[in-house]
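An overview of the molecular structure
Here is what each chain is made of, one letter per residue.
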Amino acid sequence: MTAADTSGGVAGRILGERSLEDMEALLARSNRGDEGPLHTVPTSATARFTWDYTKGARPRLAKLYEKAKGAMWNGETDLPWDTPIDQEKLVLLSQTGADPVIDFSGTPVARWGEREWLAFGIEGQNWMLSQFLHGEQGALLCTAKIVETVPWADAKYFAATQVMDEARHVEVFDRYLSKLSGRYPVNAHLGMLLDDILTDSRWDLTYLGMQIMVEGLALAAFGFMAQLTPEPLLQQLLHLVMADEARHVAFGVLSLQEVYRDMSGAEIRERQEFAFEAAVRMRDRLLQQEVWERMGVDPKLVVPLLYRSPEQVQFQRVLFSKIVPNCKKLGLLDAGDGWLRARFGELGVLEFEDWEDTGVEVLGIA
Ligand SMILES: [Fe+2]
Ligand SMILES: [Fe+2]
């Protein structure tokens, strides 16, 4: 981001430590486990009334709003909460555990047997679901902010439905976690990203950070987990949530298309840098360092081994399957000198650029 940007965006902090190999810097971030029951983030956005109440002035947003009103579900009554959950069995069925490709010799993990890998698999489930929960609360706060800041009536209406959706998502992930054996605080990278998205004063960056980047990644991650898990309650929960998330990502694509069409090259470049840094941070949050800490293993000894494992690399790539086509649809991939295309190329995720964007996927119109 440029030096002129003082709004506390994702900005230079990460650029300074962005070296993809700089594991020490990544792992030096500790989580917020000791901060107490509240985390406060001062924000300074401009709230906007609009006196133009014309419904349907933006027909695609209006269509999305109608769709959202008819798609509400009830987390209390629409899910089979009495389904018993056997986490050990789930780990065994999911075949998580020792990856035969990775050589752990010389680390404490080399001595692990079945019992330790089982415990690790269970902690991994608790960790992942906890991060989903915290991310959902981030979406709740960001979208409430969009209701205030976006200048268009159709967008305020839709955003209000999304606030309701996110409340439901927080509710159901929290309830699901209460059936598991433990929870984790928000991961440091995810927490910083959510704070930065919330504190940025430019309304379109709330959208870009949340609807395009965080929710785009969440949509891919939920789909990945729904395919892998043999647990029926989680499968149903994820399918309900994903149907909502697709609308939310489409909301970002449809809104920002209009905004970015008229932006200057310099402004677009700031958005490209913001998108890239958010992508790098989200990829870095997936290292599960807190799980290793809880297992009594120094993450510095094992995370670098896992980070480059074929399975991990494949998972990290899949997470970009929604983000890349949506950035392309917004013109961010190729604007200016194609800066973002070059960066996504370095991350090895350009294979997704011609996948259907989420606007088309949800509304069926380009
Ligand atoms: Fe959500
Ligand atoms: Fe969402």
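Residues numbered from 1 in each chain as written. Chains lettered and ligands numbered in written order. Predicted model: local features only at pLDDT ≥ 70, side-chain atom pairs only at ≥ 80, totals over all residues.

Across its full length, the chain holds 16 helices and zero strands. Burial status across the chain gives 40% buried among its 366 residues. In the chain, the proportion of contacts linking residues at least 24 apart, taken out of those at least 6 apart, comes to 85%. (Helix = DSSP H or I, 4+ residues; strand = E, 2+ residues; numbered from the N terminus. Buried ≥ 20, exposed ≤ 12 C-beta atoms within 10 Å, placed from the backbone. Contact = placed C-beta atoms within 7 Å.)

This paragraph deals with the nonpolar core. Counting residues in each nonpolar core, the largest one holds 56 residues, and the members touching the most others are Met 213, Leu 217, Ala 275, Ala 279 and Cys 327. Here this core gets 13 residues from one element, more than from any other, and that element is helix α8 (residues 203-228). The residues touching Cys 327, leaving out its near neighbours within four places in the chain, are Ile 212, Ala 275, Leu 332, Leu 333 and Leu 340. Listed in part, the 12 residues of the second largest apolar core include Leu 129, Phe 132, Tyr 176 and Leu 238. (Core = buried A, V, L, I, M, F, W, Y, C linked by C-beta atoms within 7 Å.)

Here Thr 143 shows up in helix α5 (residues 114-149). Taking the C-alpha atoms as reference points, Thr 143 and Met 210, separated by 67 residues in sequence, lie 8.2 Å from one another. Setting aside chain neighbours within four positions, we find Thr 143 in contact with Ala 159, Gln 162, Val 163, Glu 166 and Met 210.

A separate point is the packing of α8 against helix α9 (residues 232-261). Closest axis-to-axis distance for the α8/α9 pair is 8 Å, and the angle between their directions is 150°. As far as their axial angle goes, α9 and α8 are roughly antiparallel. For the crossing formed where α8 meets α9, the hand is left-handed. Counted by class, the contact of α8 with α9 contains 16 nonpolar, eight polar and three charged residues. (Axes fitted to C-alpha atoms, helices over the stretch in contact; angles between N-to-C directions. Parallel < 35°, antiparallel > 145°, perpendicular 65-115°, else oblique. Left-handed = near helix turned anticlockwise from the far one by under 90°. Nonpolar A, V, L, I, M, F, W, Y, C, P; charged D, E, K, R; others polar.)

Moving on, we get to the packing of helix α3 (residues 59-70) against helix α6 (residues 153-177). The contact between α3 and α6 brings their axes to 9 Å, and the two run at 25°. With respect to α6, the axis of α3 lies roughly parallel. Handedness of the crossing formed by α3 with α6: left-handed. In this structure, α3 contributes Leu 61, Ala 62, Leu 64, Tyr 65, Ala 68 and Lys 69 to the contact, and α6 contributes Asp 154, Ala 155, Tyr 157, Phe 158 and Thr 161. Classifying every residue of the contact of α3 with α6 gives eight nonpolar, one polar and two charged.

Another aspect to go through is unusual backbone geometry. The phi torsion at Gln 288 lies on the positive side, around 55°, for a residue other than glycine. Mapped onto the secondary structure, Gln 288 falls in the loop between α10 (265-284) and α11 (289-294).

Moving on to the confidence of the model for the chain. Reading predicted coordinates in detail is not appropriate for stretches of low pLDDT. Residue-level pLDDT values for the chain average 88, and 88% of them are 70 or greater. Mean pLDDT values over the elements of the chain span from 37, in helix α1 (residues 11-16), up to 98, in α6. (pLDDT = per-residue confidence, 0-100.)

Relative to the assigned elements, Ala 243 resides in helix α9. Take Ala 243: there are 13 C-beta atoms within 10 Å of it, and that puts it in the partly exposed class. Note: C-alpha distance between Ala 243 and Ala 68 (175 residues apart in sequence) is 9.9 Å.

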